[in-house]
Amino acid sequence: MRIDILTIFPQMFEGPFSHSIIKRAQEKGLAEIFLHYIRDYADNKHRKVDDYAYGHGAGMVMMIQPIADCIEKLKAERNYDEVIFMTPDGVLFEQKIANRLSTLENIILLCGHYKGIDERIREHFITMELSIGDYVLSGGELAAAVITDSIIRLIPGVLGDETSALTDSFQDGLLSPPVYTRPSEYRGWKVPDILLSGNEKEINKWNVEKAIERTKHRRKGMLEEGI
Ligand code: ADE
């Protein structure tokens, strides 16, 4: 899978993309991430990427030309399944969407800033708008990093069996049950006996019960809707 990210702060991705699972996915050739510095596409003398909003008071708006040129250049090189804009007024991102996006070949993630982007970009280039939650970030970069991480870990071969995405919270419509590791007792706090019993059937049953219990308490809606 190939992910092209359009941003005015490419450095913001250096940390999240150069460690752990995303790093390994890139090294294995299972995911390719390309960062595009929107300022490089500005056709004006000062490489300006934002301007005042028409008919509004305060706040700058990202200009159409640099973003349009960047998207068009990419689209001339390959087909994109989705051109996604990160925005707090987009569709709320969830595991179901991550699952679908992880099956695609090529996607573009556009990170906005300031008061937003010129609406004509949304009208003419964007196929999907995603929010990672009902709060406002300073820009779309952190949202794009979150979405990239959640998608890449789902690509077959990225995770080994021991970290399989199938056992993640949300993946089967339930939150994950509690987990424990050694020692079996610490300061008198004990790991539940059943997990030490070696009885696989009973352990599986316990895990399912605990997953349902946790989901009921923390995400009642998930049980009612199924996700
Ligand atoms: N840009 C700013 N806030 C955002 C959010 N909550 N989700 C996605 N993109 C954003």
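Parameters and conventions
Residues numbered from 1 in each chain as written. Predicted model: local features only at pLDDT ≥ 70, side-chain atom pairs only at ≥ 80, totals over all residues. Heavy atoms only, no water. Core = buried A, V, L, I, M, F, W, Y, C linked by side-chain atoms within 4.5 Å. Buried < 20%, exposed > 50% of the residue type's maximum accessible area, 1.4 Å probe, protein only. Helix = DSSP H or I, 4+ residues; strand = E, 2+ residues; numbered from the N terminus. Contact = heavy atoms within 4.5 Å. Pairing = 2+ DSSP bridges. Axes fitted to C-alpha atoms, helices over the stretch in contact; angles between N-to-C directions.

Lay out the nonpolar core with the relevant residues and their values.
Of all hydrophobic cores here, the largest spans 32 residues; its most connected members are Ile5, Ile84, Leu101, Ile107, Leu109, Leu130 and Ile152. Of all the elements in the fold, those that place two or more residues in this core are strand S1 (2-7), helix H2 (20-27), strand S5 (82-92), helix H4 (95-101), strand S6 (106-111), strand S7 (128-131) and helix H6 (141-152). Considering every element that reaches this core, the biggest residue donor is H6, with six residues. For leucine 101, the contacting residues outside a window of four places in its chain are Met1, Glu82, Ile84, Phe93, Met128, Leu130 and Ile151. Ala42, Met62, Leu74 and Ile108 belong to the second largest nonpolar core, which has 21 residues in total.

Any details on the sheet that holds S7? Residues and values, ideally.
Pairing in this open sheet of five strands is parallel, and the strands run S2-S1-S6-S5-S7 from one edge to the other. Two strands close off the open sheet at either side, each with one partner strand: strand S2 (32-37) and S7. With direction set aside, neighbouring strand axes in the sheet form an average angle of 30°. The sheet contact formed by S1 and S2 spans six bridges and is parallel. Each residue of the ladder has a partner; that of leucine 6, found in S2, is histidine 36. With respect to the sheet, H6 is in contact with S1, S2, S5, S6 and S7, its orientation differing from that of S6 by roughly 155°.

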